[in-house]
Structure formats: structure tokens, C-alpha cells
Amino acid sequence: MTTTAQPPAKTLDAVVIRFCGDSGDGMQLAGGEFTTTSAVFGNDIATFPDFPAEIRAPKGTTFGVSGFQLQFASHEVFTPGDRVNVLFAMNPAGFKTNIDDVEVGGLVIVNEDEFNEVNLRKCGYPVGYNPLNDDQVSSARQIVRVPMSRMTREALADTGLGAKDVDRCRNMFALGVAYWVYQRPLDATLRHIETEYGIKKGRPEIAEANSIVLKAGYHFGETAELLAVKYVVPPAKLRPGKYRRIDGNSATALGFAAAAQKASKQLVYASYPITPASDVLHAMARLKHLGIKTFQAEDEIAAVCAAIGASFAGDIGITGTSGPGVCLKSEAIGLAVMYELPLVVLDVQRAGPSTGMPTKTEQADLFLAMFGRAGESPCIVIAPNSPANCFDTAVEAVRLATRHMCPVIILSDASIANGAEPWLLPDYDAIDPIESHHPTEPKDPSVGYMPYQRDSETLARPWALPGTPGMEHRIGSLEKSEPAGAVSYDPANHEKMVRTRAEKVQRAAKWLPELAVEGDQAGEVLLLGWGSTHGAILTAAARLRASGLTVGCANLRYLNPMPTNLKDVLGRFTNVIVPENNTGQLAMLIRSRFLIDAVPLGKIQGRSFGVDELVAGVRAILNDRKEATK
Amino acid sequence: MTTAPTTNGTNNVELPQYSPKDFTSNQDVRWCPGCGDYAVLNGVRKALPKLAIRKEDYVFISGIGCAARFPYYMDTFGMHTIHGRSLCVATGVKLANPELKVCVVSGDGDLLSIGGNHTIHAMRRNVDITIVLLNNRIYGLTKGQYSPTSEQGKITKSTPMGSPDDPVCPLSIAVASGCTFIARALDVDVKLFESVYLRAMAHKGCSFVEVYQDCNIFNHQAFFYATQKDTKPENTILLEHGKPLIYGTNNDKGIVLEGTMLKSVTLGGEYSESDLVVHDETDRQLAFLLSQMRHPQMPEPIGVLYCDPNHPTYDDAVQNQMQKAKASASTTDIRQLIDSGETWDVTESGISSS
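Residues numbered from 1 in each chain as written. Chains lettered and ligands numbered in written order. Predicted model: local features only at pLDDT ≥ 70, side-chain atom pairs only at ≥ 80, totals over all residues.

> An account of the overall build of chain A is needed here, citing residue identities and associated values.
A tally of helices and strands in chain A yields 21 helices and 23 strands. Relative to a compact globule of 630 residues, whose C-alpha radius of gyration would be 25 Å, chain A shows 27 Å and is just as compact. On the principal axes, the C-alpha backbone points of chain A span a range of 95 × 70 × 50 Å. For chain A, the proportion of its 630 residues judged to be buried stands at 52%. (Helix = DSSP H or I, 4+ residues; strand = E, 2+ residues; numbered from the N terminus. Rg over C-alpha atoms; globule rule 2.2 N^0.38 Å. Buried ≥ 20, exposed ≤ 12 C-beta atoms within 10 Å, placed from the backbone.)

> Describe the overall build of chain B, and please don't skip the residues or the numbers.
When its secondary structure is counted, chain B shows 11 helices and 17 strands. Referenced to the eigenvectors of the C-alpha coordinate spread, the extents of chain B come out at roughly 100 × 55 × 50 Å.

> Let's hear about the pairing of strand β13 (residues 253-258) of chain B: which residues, and what values?
Residue and element names in this part refer to chain B. The pairing of strand β12 (residues 246-247) with β13 spans 2 bridges and is antiparallel. Paired with isoleucine 246 across the two strands is glycine 254, which belongs to β13. Taking the residues that link successive antiparallel strands as the turn, the β12-β13 hairpin has 5 residues, and the phi of glycine 248 there is positive, at about 110°. As judged from the 6 bridges shared by β13 and strand β14 (residues 261-266), these two strands associate in the antiparallel manner. Following the sheet pairing, glutamate 258 is matched in β14 by methionine 261. (Pairing = 2+ DSSP bridges.)

> Any chance you could break down the nonpolar core for me, citing the residues and the numbers?
As a rule of thumb, soluble globular proteins bury nonpolar side chains together. By size, the foremost hydrophobic cluster in this structure holds 268 residues, and its most contacted members are Phe256, Ala306, Ile308, Val398 and Leu527 of chain A together with Ile182 of chain B. It is helix α12 (residues 300-312) of chain A that contributes the most residues to this core, 10 residues altogether. In this view, leucine 527 of chain A contacts Ile537, Ala540, Ala541, Val551, Cys553, Ile577, Pro579 and Val618 of chain A; residues no more than four positions away in its chain are not counted. Formed by 6 residues, the second largest nonpolar core is a distinct cluster that contains Ile138, Tyr139, Tyr146 and Cys215 of chain B. (Core = buried A, V, L, I, M, F, W, Y, C linked by C-beta atoms within 7 Å. Contact = placed C-beta atoms within 7 Å.)

> Lay out unusual backbone geometry in plain terms, naming residues and giving numbers.
Residues and elements named next belong to chain A. Threonine 275 connects to proline 276 through a cis peptide bond whose omega is 0°. Checked against the element boundaries, proline 276 lands in the loop between β10 (267-271) and α11 (278-285). Looking along the chain, the bond that leaves asparagine 560 and enters proline 561 is cis, with omega of -5°. Structurally, the position occupied by proline 561 is in the loop between β21 (558-560) and α19 (566-571). The phi torsion at glutamate 225 lies on the positive side, around 45°, for a residue other than glycine. Not every positive phi belongs to a glycine, and glutamate 340 is a case in point at roughly 60°. Note on placement: glutamate 340 falls in the loop between α13 (323-339) and β13 (343-349). The class of glutamate 340 is buried, set by 25 C-beta atoms lying within 10 Å.

> Can you explain the sheet that holds β14 of chain B? Please cite residues and give values.
Pairing between the strands of a sheet is mediated by backbone hydrogen bonds and can be parallel or antiparallel. Within the open sheet, the 3 strands sit side by side as β12-β13-β14 (chain B). Their pairing is antiparallel. Each edge of the sheet is formed by a strand with only one pairing partner; in this case those strands are β12 and β14 of chain B.

> Provide a residue-level description of the interface of chain A and chain B, including the pertinent values.
When the parts of a complex come together, some accessible area is lost, and that lost area is often taken as the interface size. Facing the 62 residues of chain A at the interface are 54 residues of chain B. Of all the elements in the fold, those that place two or more residues in the side of chain A that touches chain B are α1 (27-41), β9 (241-247), α10 (248-262), β10, β11 (292-296), α12, α13 and β17 (474-476) of chain A. Taken together, the residues of the side of chain A that touches chain B break down into 35 nonpolar, 15 polar and 12 charged. In the sheet, β17 of chain A pairs with strand β4 (residues 77-80) of chain B via 3 bridges, with the strands oriented parallel. Note on β4 of chain B: the bridge partner recorded for isoleucine 475 of chain A is methionine 79 of chain B. (Nonpolar A, V, L, I, M, F, W, Y, C, P; charged D, E, K, R; others polar.)

> Describe the environment of isoleucine 114 of chain B, listing the residues and the values that go with them.
Residue and element names in this part refer to chain B. Looking at the element boundaries, isoleucine 114 is found in helix α3 (residues 108-114). By C-beta crowding, isoleucine 114 is classed as partly exposed, having 18 other C-beta atoms within 10 Å. Linking isoleucine 114 and valine 346, residues 232 residues apart in sequence, is a C-alpha distance of 56 Å. If near-sequence neighbours (up to four positions away) are discounted, isoleucine 114 is found in contact with His83, Gly84 and Gly109.

> Describe helix α21 (residues 611-629) of chain A, with residues and values.
All names here are of chain A. Taking 1.5 Å of rise per residue, the 19 residues of α21 would be expected to cover 27 Å, and the 27 Å separating its terminal C-alpha atoms lies within 8% of that figure. All of the buried residues along α21 are Val611, Leu614, Val615 and Val618. Projection of α21 onto a plane perpendicular to its axis shows the buried side chains occupying an angular sector of 100°, all on one side. Residues of α21 that are exposed and point over 90 degrees away from its buried face: Ala616, Ala620, Asn623, Asp624, Glu627 and Ala628. (Expected span 1.5 Å × (residues − 1). Arc of directions from axis to C-beta.)

> I'd love a proper account of the domain arrangement of chain A, names of residues and values included.
Domain annotation for chain A reports domain 1 (9-232), domain 2 (244-430), domain 3 (437-511) and domain 4 (518-629). Taking the mean C-alpha position of each, domain 1 of chain A and domain 3 of chain A sit 58 Å from one another. (Domains from an automatic or database assignment.)

> Which residues make up the sheet that holds β4 of chain B, and what values go with them?
Taken in spatial order, the 9 strands of this open sheet run β17(A)-β4(B)-β3(B)-β5(B)-β6(B)-β10(B)-β9(B)-β15(B)-β11(B), and their pairing is mixed. The sheet is open, and its two borders are formed by β17 of chain A together with β11 (236-239) of chain B, each paired with just one other strand. Pairs of neighbouring strands in the sheet enclose a mean axial angle of 20°, with direction left out of account. Sheet topology note: the strand β3 (residues 58-62) of chain B/strand β5 (residues 101-107) of chain B ladder contains 4 bridges and is parallel. Within the sheet, the bridge partner assigned to valine 59 of chain B lies in β5 of chain B and is valine 102 of chain B. (Axes fitted to C-alpha atoms, helices over the stretch in contact; angles between N-to-C directions.)

> Quick one: what's the story with the packing of α1 of chain A against helix α8 (residues 187-200) of chain A, residue by residue and with numbers?
Residue and element names in this part refer to chain A. Where α1 meets α8, the axes come as close as 9 Å, and the angle between the chain directions of the two elements is 130°. In terms of their interaxial angle, α1 and α8 are classed as oblique. Two packed elements cross with a definite hand, and for α1 against α8 that hand is right-handed. Of α8, the residues touching α1 (which contributes Glu33, Thr36, Thr37 and Val40) are Ala188, Thr189 and His192. The residue inventory of the contact of α1 with α8, partitioned by class, reads 2 nonpolar, 4 polar and 1 charged. (Parallel < 35°, antiparallel > 145°, perpendicular 65-115°, else oblique. Left-handed = near helix turned anticlockwise from the far one by under 90°.)

> How would you sum up the packing of α8 of chain A against helix α9 (residues 204-223) of chain A? Please name residues and give values.
The description of two helices packed together rests on the angle between their axes and the distance between the axes. Residues and elements named next belong to chain A. Across the interface, α8 lies against α9 with an axial gap of 8 Å and an inter-helix angle of 160°. Between α8 and α9, the crossing angle belongs to the class labelled roughly antiparallel. Here α8 and α9 pass one another in a crossing that is right-handed. Between α8 and α9, the residues in contact are Thr189, Leu190, Ile193, Glu194, Tyr197 and Gly198 and Pro204, Ile206, Ala207, Asn210, Ser211 and Leu214, respectively.

> Before we move on, can you summarise the confidence of the model for chain B with the specific residues and values?
Residues and elements named next belong to chain B. Model confidence for chain B is summarised by a mean pLDDT of 94, while 96% of its residues fall at 70 or above. Across residues 1-11, confidence stays below pLDDT 50; counting only partners more than four residues off in sequence or on other chains, it has 20 contacts. Scoring of the predicted complex yields 0.94 for pTM and 0.96 for ipTM. (pLDDT = per-residue confidence, 0-100.)

> Can you break down helix α5 (residues 148-155) of chain A residue by residue, with the values?
Residues and elements named next belong to chain A. Of all the positions in α5, only Met148, Met151, Thr152 and Ala155 are classed as buried. Taken around the axis of α5, the buried residues stretch over an arc of 100°, which confines them to a single face. Taken together, the buried residues of α5 touch β6 (102-111), β7 (142-146), α6 (163-167), α7 (170-181) and α9.

> I'd like to hear about the environment of threonine 533 of chain A, residue by residue, with values.
Residue and element names in this part refer to chain A. Checked against the element boundaries, threonine 533 lands in the loop between β19 (523-529) and α18 (534-546). By C-beta crowding, threonine 533 is classed as buried, having 30 other C-beta atoms within 10 Å. Each C-alpha atom of the pair threonine 533 and serine 377 lies 27 Å from the other, and the pair is 156 residues apart in sequence. Leave out the neighbours within four places in its chain, and threonine 533 touches Pro579, Glu580, Asn581, Ser608 and Phe609.

Below is the structure:
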């Protein structure tokens, strides 16, 4: 073998890679770049950024570790993967908190320069211990030591950059090595570095430094023959079309913007900063040229109330938040139920209760969305099931709110908000316009405008706008009678109004698609989920089917009202298992609505399901049931 | 409504000639007989025809409380909202349609206690709305608990031994929050209310009018020291821009500035009119000092404390940003926004970066 010969390339179907380091180490950036490059290369991808709530936790500590996991594959993938095949650990704390997730025999590439006494002690390793020298650790996994800090400094020795700026480029070295391992082109990242630092931030010297280090990392892999093999993950066969990488929060923002255009209306997005929903506010704030107004309110309540005010005056009113914010908005959402005005409430769920774990995912706000208000105050509740699906869901929420004149709650969550996947760009022109009608004269001039005269089909009330002569009317939080909307304390009228508001929401089901079952259409097991667990459930169902069970799975995007065929679907399976990132909220709804023995399968760890644990969970439930019937 | 047109001073748009009846809804007014709110309601109905604003452009918005029933009685667009949140809803209305003329009417509990936060923020943003605070220093609708403006020691159902709280000073909050029009009126002084209200409604920016309002059921005579014929001259001082601060039954008292404090003096001996502070509506520092003048130590100011008609409004700032963004955007086609960033094409034969 000559010195220039390259190691052989081994072809893999799918790889789960994770970058981890200090929260200031730029792991999210490195992971994001690897994602874009892999997506552009043609792999299917699913990502899981996992970062602490603290912006810069004390350096080197385990609670300051930030991670970014990505699965890229030559086939369709629906989850960021269970076991990590390749780990990049930029410091001992990252190593310590992530090593157990790496599969036996997996590859661990470490920045060995950071494994010094100080850093090892900071993350709690005993005095004199270095895991890199522990045979037990290194025998289970393939550990590759790379002096990333030193190499980065050497690569930038002649640039005259300060030590701090130099050290910030280490993530690019790791990324360069990763690109070499998987034979990825550097051009997309080089372009991004140039735009981000060179043009947007006006710091060409930083752009230059990052480019140098990225290439240095790549060449180091090549020159040092870092691994005995290189890996190739060929492109996946995705549906033909134009793609881009998208995360859930960006897709949500784009969906809202598209909805406003389709409704030929301006939009007010009113919000108060809260993790993990703030990125939607940031994205919306950059869309002013599309007639979008953002309002960073003084608190959550002001935000939802401003959205309601905007809606009364004829704009699309949207407020975005996470669970704690929904709690604060609850009274105002009830007001929108009473007003019967369109309102969209985005809840990017996170782990609760209370402040909980702000950056970690959970699906525990379902009951909050369904019932978390005073009195009987039904809302339409829908949930996106993947990052890209957030776009469609956002458009749909606006459509439903305007058609049915009521609040619509979107239950997104941290995992899809921050997770990314390839997005087959939608055919914008094929999206139906969103119709809204603003009457300009009373139906019967002798009695004037009747704000609660309902549409016989939808039961929605008319939406006359301030500024329209002759349509002056008052709406209020007090109970009212139809059709004039006058305040009423009449007992029978109250019951009628409560039932009518509920009926209006249930009637929306007529316009919603039926629930589709994937896999077996009838048989032993139905895995019924909602929201972000879709990918894991889909993959687990396929694996269970492969093992001989008849398994169907379905993702309930419409939680209120539920699809009209749900009862029929439930009846076709012997076992209905409901995986959720909560203790069993949908399961309880299904049990109470349909009087069936739906079994909850919960995970409440701030993380979405892995496929393995879902498969194991389903098997355990089936075994228990078998035992019970013996 | 008759057809005789008046004209809008700025662009000569023909406006119908309204009468108070045009602003009267078909709802029976349900306030207690003798409530000070009646006078304010009548004052507003009488004032609106004098403004060059179309009826359909008014939106009256309120929170919760006795005063907050106000919009139901006005034949305009109106929103009765939830407790404390009228100003947030009003801000949303103005974000959507800055052409609308929004007037918030609510009470001291609503605007200063549960909604106190929003009062500060609506004012510092200078949202182009008018806020009428009907201050009766009591919770009326919940049947008589002390409010944030009740005096310390106030004995109510919830404070049988007297309220331990010091009251807030609404005008001082307005001054400190950057409100651009600040005034005080009295429910029984119809003329004063109308003149102040008309100026507030004509003001571009956030205007705030505190009205001393009698709750004759739970806090009767709370403001009699300031509103009655025999008490008013000694206990209030009518502010007029450019005029010295004189008050008293015989116009024999005035206000001087001593160090950084205002002090009440008797004219004739040591002090003459030329020693008195001359009211300047454009002086925010003076407005703060005036807002702190409390009975019984000092006469309480009525009329306009402060007015800055030139401060940019929130509404304009939002619209301007949008216009600017539209003007500088390379495209307003959302398809290009969707189709941005790193994209790639998947075809039957392979991948190409685009």
C-alpha cells in the first residue's frame, strides 16, 4: 500500500451520529451543518438537538453539555435513532454523559486535548482517572483520540486571531473530521460560513478561520488515516421533487405566513419569549414584508389578548408559547371561545409541571389544551407529527379557526420544534385559499346586524369588522343570547349556548380527513399515537410486523374533534396501545370516549421514544395481557 | 343622525352630524341609581359628536367591573373583555387596524391592580388609544372590598381593621410610564370632563384621563372633598397651560417651587402671583410633582397635567417598519421564502444541489 492510498469504503444503510461538548462549543452549529450537508447529499435525515436550559453553564460541567444527534440514511427514517454509532466528544463532560448511549463496538472520536486533570475533575471523574486510559471503556468501543484543540491552534497560528476566537473554531475541526469519515463534500458548509460570518456578521477573518479549520479537520482525517475504513451512506430514494432541510419551528412560522397570504390578510403574531417557542417569534419578526406584525408583549396574557384584539379587527390573530404560557393564557382562550372569534394558539410543549425542563420534550399538555379553562370551553386541538408537517398544521389551524370561528390550539413539542428533516417543498399554488367573510350590511336592516346569527352548516357566527358602517356591535365575556348577542342570564339559554359552542367544534370533523391506518388495517395491535411520536411508532410498528404480529399504527392529528372513523378503526384491533410522552392522557380520552381497554405506554423522560423501547414496551404489554388471561 | 355634514379639519372628508342618541345602544343601563358612571357615560355620548370621527371607527373596550359595562351602553363597536386585559386587547385592535379610534374605559381595580402591568406597558409604548379610568377607590361589583386606590386604613369587608396598603397614585404611574397625555377630571364636573375628554380623544398617542367617580353604594362621598361646590375650590387646583397655579375660594392661594418640592402658599404677604409656578403641560418633571399633590396636605390638580403631541406612536412605528420592510424586500412572494436556504432536487435518477 502506498502512502496516498485511501482506506476502503464501507457502505452503510444508516448512521446515528452525535456531537457533544460544552454548550459554548458550537455543537448545534456543527450538527446543523452536518445535517444540511447530508440532506443535500440525498440522505434522509432526522435530528435531535439536545441542549441545556442554561446558556453557558460553568464550563466543563456535565450539566453544561450540549448535544446534537442525527440519523442519516439511504432509506426513509422517521426518528433521530436509538443507539449512537458515532460520538464526537469535545470534552470529558460530553464523554461522560453520552458514552453509555454509544452502541457496543461504536466509534468515539474525542478531543484528547481537553482530557486534562482539570476538566476530568470538573465533570466528577475520580482523581487520577482518565476514561481514555480505561481498558474496560476502550475495549467496548473504538476510541479515537484527536488533538483537536492543538490542531486548531496550529492551523490558525498565522492568522493573528485571538485565542478565544481560535478556540471557537474547534467545532469546525470536528465537523471536518466527520465529513472525512463519511466522505461528504465541504462546499455547503463553506458557503454557509461565508454568508453567516463573512457577509451577515461582517467578520471575514472569522469566516476565513472557520473555513481553514474545517478543511484542516478533513485533511487531518485523510493524512493521518484516522480510521481503517471510511463509510459511505448512499442517498435515499426520496419522493422526487425539490427539498430543503427544515425544523419544526421554522416550518410553523412559514405555515402561518402562508396561511395569511392564502387568507389575503395581515397577521398579528403576539408572543412572550419562552423556550422552546421563541424561535417562531424570531422567524415571524423577519417576515414583516409579508404583512406580518409581531408583538412581543409584556407577558403571556397580553400576548393572547392582543391576538384576540387583532382578530376582532380583522387580522389573523396568533399567539405562540409553551405549556406554562398556555396556563397563563387560559382565561383569555376562554374569552375567545365566548367571543367566537378566530384565534390560533401554538403550544410548543416542554417537560412540566411548572418550569420543569424547558429544553426537553413532553406531550403532557393534551388535557390542558382540551380542558384547561374555566367552564365548558371547547377548542379545536390539532398536533403536527413531524418538523415538516408543522407547515401544513399551521396552515390548517388558521383555516379551521376562520371557518369555525373559534380558537384552535396547536400542540407541537420541543422534539419537532428543534428537530429537522428534509422537506419536500409544498406546491404553494395548490393550497386552497382560506376564505373568510366579513358582512357589510345586516341581513335584516330592520333589526340591524346580528353578531350571533349562525351559519346553519358550521354554526359559526359572522365576523363583521370595526370600521364597517352600520355593523356596530358589542361582544363580551358575559353569556349572551342568539342572535343579537345581548347579555343573558336566562338558565335555558345558557345551556343552549354551552351545547351550541360544543356542537360547533364537533361539526368541524366534517371537514377533516378520516384517520388513516398504516400497516395492517385490522388485527392484533393498533399503535395509536399523536404528535411527534409518529416516526418512532411507525418504525416500531414495522419492526413488530416483521416479527410476525399484525400491527397497524395511526397518528391522531386531530385531537378535538376526533376523526369520524376513529371508532371504526379502534374496533378492528384486539389491542389498542397508546404510546405517549405523558402518563396516558390520550389513552384516557380514548377509554372514556369509546369504552375500550386502551393501554397507555408512557415515557416521561424529556425525550421522545426510541424504537427499541417502543418495541419492548408493546411486547411487555402483550405479555402482561396474555398472562392475565391465563 | 341627520345628514348635515361637518368636515374633518385635515382632509375635508364629509362626516355625518351625530347626536348623543347615535351613540346610545338599545341596552338598559344597569348601574345603581346615582352612580357617578352615568355622568361619564352621558359626557362621552355628548362629546363624541364634536369629534370628526366616523361612528363605525370607534371601538370601546373595557375589562371587568362596574365601569367595564360601559361598552354595552355605547352604540359603537365594543368589547367587554376579561379582568385587567382591556389594554392588551386594545393594543391588538390597533395593531390590526391603526385607523380605528379606540377608547378603553375601566375601573381602578381593573386598570391598576389586576391589569396594572398592562397600564404601564400601553403607556410606555404610546399606543394611540384613550384610557378613561373611572376611579371610585373601591371594588363595587364584588360588593365592597378595598381597591388599589383606597386610602390606607380603609375599613371594608376584606379589611375589617383597616387596609394596611398605601394607595397607588394613578397619575404618577402615568407620568413615570411615559404616557403622553395625562389628565384628571371629576364625574360631577360635566364641563371639565368634556373638555379634557375631547382633548384626550384628539391626542395622537396614549392619553389617560383619571376620573374621580362616586360609588354611592360602597364608597359614597369618597371624593366629596374635591367635587362639591364648597370643598372644590380649597381642595383642587385647575391646571391651565401657561397660567400660574392659583386656587382657593378667593383665589388667594398658590403653588410655589421650593427646592425640588411644591408647596402651597397664601398670596398677599410673603408671596405674590409672580412667585407661583406657571403650569407647563410639556414639562414631565412638573407633571410628576403635580401628580404627587395629595389631599389633605395639598390641593389636588384637575385638568391636563401633561401633553406631548409629538411623541411617535407605537401604531406608527409598527406600520413604518412594515412599510420599510416591504420597500426593501427583494420579493414579497412567499414561494421564494419557502424555496430558500440550501435546497436540492431529487429526481428518479439522483440528486442535484440547487
